[in-house]
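Examination of the molecular architecture
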Amino acid sequence: MKILVLNCGSSSIKYQLFSQEGSEWSVLAAGVVEKIGLKGSFLKHEATGSEKVLLEGEILDHKAGIDYILGVIVSERHGCVKSLDEIDAVGHRVVHGGEQFNSSVLITTEVIKKIEECIDIAPLHNPPNLKGIDAITSILPSVPQIAVFDTAFHQTMPKEAYMYAIPLSLYKKYGIRRYGFHGTSHRYVSKRACEILGVDYATQKIISCHLGNGASICAIKNGESVDTSMGFTPLEGLVMGTRSGDMDLGAATFIMDKEEIGTRSASVLFNKHSGMLGLTGISSDMREIIGAADEGNPDAINGLNIYFYRVKKFIGSYAAAMGGVDIVLFTGGIGENSVPTRAGICKGLEFLGIDIDESINGGIFGEEAVISKADAGTKVMVVPTNEELMIAVDTKEIVDELANR
Ligand code: ADP
């Protein structure tokens, strides 16, 4: 079976074409269209085993972008399939499924309507996702399309984890609650960790730390998300590259008053100019901050300490929420690659059985590994995320179910 996975953003489309035979999955091609509707739009494409190519073109909208991708996939020069008929299904990353979706689904007109209803709470993300769905509907009308939601995995959270202590009427009126994001990543890495360890997913207490430009942490008990740090929007929780994460709402309104800024500017301030960038004044990029800290920059050192402390505090609170922890996972660009970040977070958590072996941790960059000491009570692991593969696996499962109906 061949499955195309699409991740449509406001001005970009990431894609991967997967081939599956039995339990084997391989990537036939991957790439990204960038600057859609802007000057200088281009497609970066790599068919497995071939050179990466950069193709410029005037890509005015998402449909043109997907047309371009499909054209390259079947092209003689850069392609990997002979005809578009070989594509059995398309899996879409959809950011927000609200309370409507707790798992991946076959896209129907009813489903599209429900995704549209979520635009109110995901105004930046769901519209481009819908554009991708629309484009495939017109180009490949007979190919089944599956929606895989970032929020769906977290729909198992109990009320005490997802309700905010604001008037209940606001939850009822606008759906103001914790939804959580990165669900596909947390689900993939937590399942994968159990596969690697040979333990039953349905019996484990797992804390998954997805540390990338955006960052979130998730408590997974017996295979279900029971709490996560991102909330109504992806602003809550951990310190991120440019997002503040948790802070006093009173401080936010105070700043707005003093600086005489409205909601739009405040949103830019807390989403784009805060986090590690705001704290250090150096960069949002963890590599640069660690480099500066190594040279003794006090703001970089301070920023890192705040970053580590916030993650550590969440690990403690999620261990409390689950009544213990069996596995702690690191993923995302920082979690997968940053030795000092993993060490800085875990230091002092030995009382929870979290005790990493520095000689192993020091050699792990972007690969699956157990980094805890052999006799530690809690396994600490690095598991590179693969949201695209998870989307492809879900897509295949649903397509198989359809065929067996
Ligand atoms: P996104 O959330 O955009 O998908 P990624 O998961 O790719 O982001 O993570 C990007 C972050 O990972 C950046 O802060 C980058 O500095 C960090 N990163 C990548 N490699 C390393 C490394 N070797 N050491 C520290 N940080 C790293």
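Structure's up top.
Now for a quick tour of the structure. (Residues numbered from 1 in each chain as written. Predicted model: local features only at pLDDT ≥ 70, side-chain atom pairs only at ≥ 80, totals over all residues. Heavy atoms only, no water.)

1. Things to note about the site of the ligand
The immediate surroundings of the ligand are formed by Gly212, Asn213, Gly214, Ser284, Asp285, Met286, Arg287, Gly332, Gly333, Ile334, Asn337 and Ser338. Gly214 places a polar main-chain atom, nitrogen or oxygen, 3.5 Å from an oxygen atom of the ligand. Side-chain polar atom of Asp285 to an oxygen atom of the ligand: 2.4 Å apart, as the coordinates give it. Considering the ligand on its own, with 590 Å² of exposed area, one finds that the protein chains cover 67% of that surface. Mapped by element, the contributors of at least two residues to the shell around the ligand are helix 10 (286-294) and helix 12 (332-337). For the shell around the ligand, the leading source of residues is helix 12, giving four residues. (Near = heavy atom within 4 Å. Polar contact = N/O pair within 3.5 Å; in protein donor to acceptor, adjacent residues only side chain to side chain. Areas by Shrake-Rupley, 256 points an atom, 1.4 Å probe, with all protein chains shown as cover. Helix = DSSP H or I, 4+ residues; strand = E, 2+ residues; numbered from the N terminus.)

2. A look at the packing of aromatic side chains
Counting across every chain of the model gives six aromatic pairs. Between Tyr162 and Tyr171 the ring centres are 6.4 Å apart and the planes differ by 45 degrees, which places this aromatic pair in the tilted class. The pair Tyr162 / Tyr171 is uniform in exposure class, with both members buried. Here the aromatic rings of Phe314 and Tyr318 are separated by 5.6 Å at their centres, their planes lie at 65 degrees, and the arrangement is edge-to-face. Taken together, the residues span about one helical turn, with Phe314 and Tyr318 both in helix 11 (residues 298-322) at a distance of four residues. (Phe/Tyr/Trp six-rings, centres within 6.5 Å; stacked < 30°, edge-to-face > 60°. Buried < 20%, exposed > 50% of the residue type's maximum accessible area, 1.4 Å probe, protein only.)

3. Focus: the sheet that holds strand 12 (residues 327-331)
If you trace the six strands from one edge of the open sheet to the other, you get 11-10-9-12-14-13, paired in mixed fashion. At either margin of the open sheet sits one strand with a lone partner, and together these are strand 11 (224-228) and strand 13 (369-370). Across four bridges, strand 12 lies against strand 14 (residues 379-382) in parallel orientation. Looking at strand 14, one finds that Leu329 is bridged to Met381. Across the sheet, helix 6 (residues 183-197) is in contact with strand 9 (205-211), strand 10 (215-221), strand 11, strand 12, strand 13 and strand 14; its angle to strand 12 comes to roughly 125 degrees. Packed on one face of the sheet, helix 13 (residues 339-346) meets strand 9, strand 12 and strand 14 and runs near 150 degrees to strand 12. (Pairing = 2+ DSSP bridges. Contact = heavy atoms within 4.5 Å. Axes fitted to C-alpha atoms, helices over the stretch in contact; angles between N-to-C directions.)

4. A few points about helix 11
Side chains that are three or four residues apart share a direction in an α-helix, a result of its 3.6 residues per turn. The first and last C-alpha atoms of helix 11 sit 36 Å apart over 25 residues, in line with the 36 Å expected at 1.5 Å per residue. Listed as buried for helix 11 are Ala300, Gly303, Leu304, Tyr307, Phe308, Arg310, Val311, Phe314, Ile315, Tyr318, Ala319 and Met322. With a side-chain oxygen lying 2.9 Å from the backbone nitrogen of Asp299, the N-terminal cap of helix 11 falls on Asn297. Positioned one or two residues after helix 11, Gly323 has a phi angle of 70 degrees, which is positive. (Expected span 1.5 Å × (residues − 1).)

5. Thoughts on the pattern of salt bridges
Here the structure, examined in full by the defined rule, presents 12 salt bridges. A salt bridge links Glu99 to Arg177; its shortest N-O distance comes to 2.7 Å. Residue Glu99 is located in the loop between strand 6 (89-94) and strand 7 (105-106), and its partner Arg177 is located in the loop between helix 5 (168-174) and helix 6; the two are separated by 78 residues in the primary sequence. According to the relative accessible area criterion, Glu99 is partly exposed, its value standing at 40%. As a salt-bridge pair, Glu195 and Arg192 come within 2.6 Å of each other at their nearest N and O atoms. One end of the pair is Glu195 and the other is Arg192, both in helix 6 and three residues apart, which spans about a single turn. One connected set of salt bridges, linked through shared partners, spans Arg178, Asp227 and Glu236. (Salt bridge = Lys/Arg side-chain N within 4 Å of Asp/Glu carboxyl O.)

6. As for unusual backbone geometry
One non-glycine residue, His182, lies in the positive phi region at around 60 degrees. Within the element layout of this structure, His182 appears in the loop between helix 5 and helix 6. Overall, His182 belongs to the buried group, its relative accessible area being 12%. Even without being glycine, Asn222 reaches a positive phi, approximately 50 degrees. Secondary-structure assignment places Asn222 in the loop between strand 10 and strand 11. Residue class for Asn222 comes out partly exposed when judged on its relative accessible area of 41%.

7. Focus: the pairing of strand 1 (residues 2-8)
For strand 1, the tally of buried residues reaches six of seven residues, placing the bulk of the element in the interior. In terms of strand pairing, strand 1 meets strand 2 (residues 13-21) through seven bridges, oriented antiparallel. Bridge pairing in strand 2 places Cys8 opposite Ile13. In this structure, the hairpin formed by strand 1 and strand 2 is closed by a connection of four residues.

8. So, the packing of helix 6 against helix 15 (residues 387-404)
At a closest axis distance of 9 Å, the pairing of helix 6 and helix 15 adopts a crossing angle of 85 degrees. Between helix 6 and helix 15, the interaxial angle falls into the category roughly perpendicular. For the pair formed by helix 6 and helix 15, the contact residues are Thr184, Ser185, Arg187 and Tyr188 on the first element and Glu387, Leu389, Met390, Ile391 and Asp394 on the second. When its residues are assigned to classes, the contact of helix 6 with helix 15 shows four nonpolar, two polar and three charged. (Parallel < 35°, antiparallel > 145°, perpendicular 65-115°, else oblique. Nonpolar A, V, L, I, M, F, W, Y, C, P; charged D, E, K, R; others polar.)

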